[in-house]
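Fold and geometry: a report
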Amino acid sequence: MSLLVVGLSHRSAPVSVLERASLAADTQAKLLQDTLAAEPATEAAVLATCNRIELYADVDKFHAGVAELSTLLAQHSGVGLDELTPYLYVHYEDRAVHHLFSVACGLDSMVVGEGQILGQIKDALARGQELHTAGRLLNDLFQQALRVGKRAHSETGIDRAGQSLVSFGLQQLAAGADPGLWARGKRALVIGAGSMSSLAAATLARTGVAEIVVANRTRSRAERLVEILQQGDDTTVRAHAVEMSAVGDELTRADVVVSCTGSTGLVLTADALADALGVTLDAPAETPAVTVVPAPADVDQHAAWVENGSTASAPEAPRRVTLPAQPTGPVKLALLDLAMPRDIDGAAHRIDGVRLVDIESLADASADAPMAADVDQVRTIVADEVAAFGAAQRAAHVAPTVVALRTMAADVVAGEIARLDGRLPDLDEKQRAEITQTVRRVVDKLLHAPTVRVKQLASEPGGAGYADALRELFDLDPQTVAAVSRADLNDPNRGRS
């Protein structure tokens, strides 16, 4: 079996496509279940964030796996396969491991080095474990990805290469000013009470805003977030919760709005924002921006360039055209939209006195951010960890065969001792125990060198065939080996962090 990932992200697709392809929690669960029901896959996990959707699977057929996973992503996202395919990327075996480890370290994020992705990877693993779609390979892979990400943040200065998406967004709103000075004394409205909204509220509190209003569809969750904010030792921010129905009134008093909900439609329309400010929504001054995309490619083309180890013929990423410039006058209302799909109408940029920063503008701005030298250190860590993970997986592949071999040897010893008892019934317990121990030592010594050596050989590239050779040489029962593998997979302590 082999690891395969098919996905799309801010690096391969425009925000408009990512918005349409976003997956709700129940849709993710259905996607995982349908992936396991598909013939090529035996394990599955989905990593869905505001700027990426990736489906991981353990498959036995590469081309069939790529076709099936691509089709499933299209079906559950609601974006047609022909439209989705040009934006998909495919990674296989070691390259798939390298990709996830890079993602975990923040190397593939909009803002390099952001640490929030670790929580999202942990959530993806927990979902796979809860639905029993993550088996031995994906449990090992995601657990190791979390360790690699933590190692990168503790051993390097990757955090200095970029800030969290929230911090970076506030920097963009401040437009070159010190975010702390810019935020001081402001009144902030946070829409949503999930993990990203909570992070935004905490960041705003530390940055120095005077007051935070939290609006959420479930009032109790908004009140819980307010309680957490007021318990913080590093802030004296005033905070209170309101119903979603009060958002319109709160807009008239807010200086900063951060929105991140799970809504599939707009939470704040341009008309609502204009009404709150008491201004008229300007007509478009120019033709709306467009995204130029390459001609559609098919799934087989993706499979071909990945299998050949080259991206030379891979479909090029869409070329973004920058939206019209933000208003240059005084900013009356600063908007930060961290949702995918977007919460705030993109037409808000046409409202006099409004500054809007959203996922797409963050992607464009962070693309030009300076890269820290620590990034190279993280890349070295990722490369080393990929090699170590591959070696460990290959060694683990031969382990059930070694266990089965030793089990067979123990059965042979037990059988011979039983025959000895029949031939020499007068042996006392001490003599019998000594003979049994001697035979076991002889067997252990004979098996020690070949079993140690086969584990070493199996951990090297191309060593997967040693387990098959061992089974063939000692005529091991495949069912016995499979039983050992299942017992290992069902170990309740496996995959626990």
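Here we come to the overall build of the chain. The secondary structure content of the chain amounts to 19 helices and 10 strands. Taken over 497 residues, the chain has a buried fraction of 47%. Of the contacts made within the chain by residues no fewer than 6 positions apart, 75% connect residues no fewer than 24 positions apart. Counting every atom, the chain has about 23,400 Å² of accessible surface; 51% of that belongs to carbon and sulfur.

Moving on: the nonpolar core. Ranked by internal contacts, the top residues of the largest apolar core, which has 71 residues, are Leu 4, Leu 8, Leu 165, Ile 212 and Leu 338. Ranked by size, the runner-up nonpolar core spans 35 residues in total, among them Leu 118, Leu 146, Ala 152 and Val 378.

For sheets, the rule is that strands pair by backbone hydrogen bonds, running either parallel or antiparallel. Read across the open sheet, the 6 strands follow the order 7-6-5-8-9-10; overall the sheet is parallel. The open sheet has two edge strands, strand 7 (238-243) and strand 10 (354-358), and neither has a second partner. For this sheet, the mean angle separating the axes of adjacent strands, direction not counted, is 15 degrees. Relative to strand 9 (residues 333-337), strand 8 (residues 256-259) runs parallel, the two sharing 4 bridges. Within strand 9, the position partnered with Val 256 by the bridge is Ala 334.

Here we come to unusual backbone geometry. Negative phi is the rule for most residues except glycine; trans is the rule for most peptide bonds. Even without a glycine there, the phi angle at Glu 93 is positive, about 50 degrees. Relative to the elements of secondary structure, Glu 93 occurs in the loop between strand 4 (89-92) and helix 5 (94-104). At His 132, a residue that is not glycine, the phi angle is positive and equals roughly 60 degrees. Tracing the chain through its elements places His 132 in the loop between helix 6 (116-130) and helix 7 (136-155). In this structure His 132 comes out as exposed when scored by relative accessible area, which is 67%.

On to the environment of Ala 433, then. Tracing the backbone through its elements, the reader meets Ala 433 in helix 17 (residues 429-458). What makes Ala 433 partly exposed here is its relative accessible area of 45%. Along the sequence, Ala 433 and Ile 417 sit 16 residues apart, while their C-alpha atoms lie 9.8 Å from each other.

Here Ala 74 is to be found in helix 3 (residues 62-77). Sequence spacing of Ala 74 and Leu 84 is 10 residues, and the spatial spacing of their C-alpha atoms is 6.7 Å. The contact partners of Ala 74, leaving out residues within four places of it in the chain, are Val 79, Gly 80, Leu 81 and Leu 84.

All chains considered together, the criterion is met by 3 aromatic pairs. Where Phe 101 meets Phe 389, the ring centres are 5.9 Å apart and the plane angle is 80 degrees; that geometry is what we call edge-to-face. Here Phe 101 is found in helix 5, whereas its partner Phe 389 is found in helix 16 (residues 374-423), with 288 residues between them in sequence. Taken individually, Phe 101 and Phe 389 each receive the classification buried, so the pair is uniform in this respect. Here the guanidinium or amino end of Lys 186 rests over the ring plane of Trp 182, the centre of that ring lying 5.0 Å away.

Take helix 10 (residues 195-207) next. For helix 10, spanning 13 residues, the distance from its first C-alpha to its last is 18 Å, which sits close to the expected 18 Å at 1.5 Å a residue. On its buried face, helix 10 is in contact with helix 6, helix 8 (165-174), strand 5 (187-191), strand 6 (211-216), helix 11 (219-231) and strand 8.

Here we come to the sheet that holds strand 2 (residues 41-49). The strand order 2-3-1-4 describes an open sheet built from 4 strands, whose pairing is antiparallel. Two strands close off the open sheet at either side, each with one partner strand: strand 2 and strand 4. Looking at each pair of strands side by side, their axes are set apart by 15 degrees on average, direction ignored. When strand 1 (residues 2-9) meets strand 4, the two strands line up antiparallel, connected through 4 bridges.

Looking now at the packing of helix 5 against helix 6. Relative orientation of the contacting elements helix 5 and helix 6 amounts to 130 degrees, with a least axis distance of 8 Å. With respect to each other, helix 5 and helix 6 are oriented oblique. Two secondary-structure elements touch here, helix 5 through Leu 100, Val 103 and Ala 104 and helix 6 through Ile 117, Leu 118 and Ile 121. Residue composition of the contact of helix 5 with helix 6, grouped by class: 6 nonpolar, no polar and no charged.

Our focus in this paragraph is the confidence of the model for the chain. The predicted model of the chain averages 82 in pLDDT, with 80% of residues at 70 or higher. Below a pLDDT of 50 lies the segment residues 309-324, which in the model reaches 33 contacts outside its immediate sequence neighbourhood of four places, other chains included. With pLDDT under 50 throughout, residues 492-497 is counted as low confidence; its partners more than four residues away or in other chains account for 9 contacts.

Here the focus is the pairing of strand 5. Counting buried positions over the 5 residues of strand 5 gives 5, a clear majority of the element. The side-chain alternation of strand 5 yields two buried faces, one formed by Arg 187, Leu 189 and Ile 191 and the other by Ala 188 and Val 190. Pairing geometry for strand 5 and strand 6, over 5 bridges, is parallel. The residue of strand 6 that forms the bridge with Val 190 is Val 214.

Let us now look at helix 3. Residues three or four positions apart in an α-helix share a direction because the helix packs 3.6 residues into each turn. The end-to-end C-alpha distance of helix 3 is 22 Å, a good match for the 22 Å that 16 residues give at a rise of 1.5 Å each. Just beyond helix 3, the residue with positive phi is Gly 78, at close to 85 degrees.

The next point concerns the pattern of salt bridges. Considering all chains together, one arrives at 21 salt bridges under this definition. One salt bridge connects Arg 219 with Glu 223, and the closest N-O pair in it is separated by 3.2 Å. Here the residue Arg 219 and the residue Glu 223 both occupy positions in helix 11, the gap between them amounting to 4 residues, near one helical turn. A salt bridge links Glu 416 to Arg 419; the shortest N-O distance between them is 3.4 Å. In this pair, Glu 416 and Arg 419 are both assigned in helix 16, 3 residues apart and thus about one turn of the helix distant. Put simply, Arg 187, Glu 211, Arg 238, Glu 250 and Arg 253 are held in one network by salt bridges that share partners.

About the criteria used
- Residues numbered from 1 in each chain as written.
- Predicted model: local features only at pLDDT ≥ 70, side-chain atom pairs only at ≥ 80, totals over all residues.
- Heavy atoms only, no water.
- Helix = DSSP H or I, 4+ residues; strand = E, 2+ residues; numbered from the N terminus.
- Buried < 20%, exposed > 50% of the residue type's maximum accessible area, 1.4 Å probe, protein only.
- Contact = heavy atoms within 4.5 Å.
- Areas by Shrake-Rupley, 256 points an atom, 1.4 Å probe, with all protein chains shown as cover.
- Core = buried A, V, L, I, M, F, W, Y, C linked by side-chain atoms within 4.5 Å.
- Pairing = 2+ DSSP bridges.
- Axes fitted to C-alpha atoms, helices over the stretch in contact; angles between N-to-C directions.
- Phe/Tyr/Trp six-rings, centres within 6.5 Å; stacked < 30°, edge-to-face > 60°.
- Lys NZ or Arg CZ within 6 Å of the ring centre and 35° of its normal.
- Expected span 1.5 Å × (residues − 1).
- Parallel < 35°, antiparallel > 145°, perpendicular 65-115°, else oblique.
- Nonpolar A, V, L, I, M, F, W, Y, C, P; charged D, E, K, R; others polar.
- pLDDT = per-residue confidence, 0-100.
- Salt bridge = Lys/Arg side-chain N within 4 Å of Asp/Glu carboxyl O.

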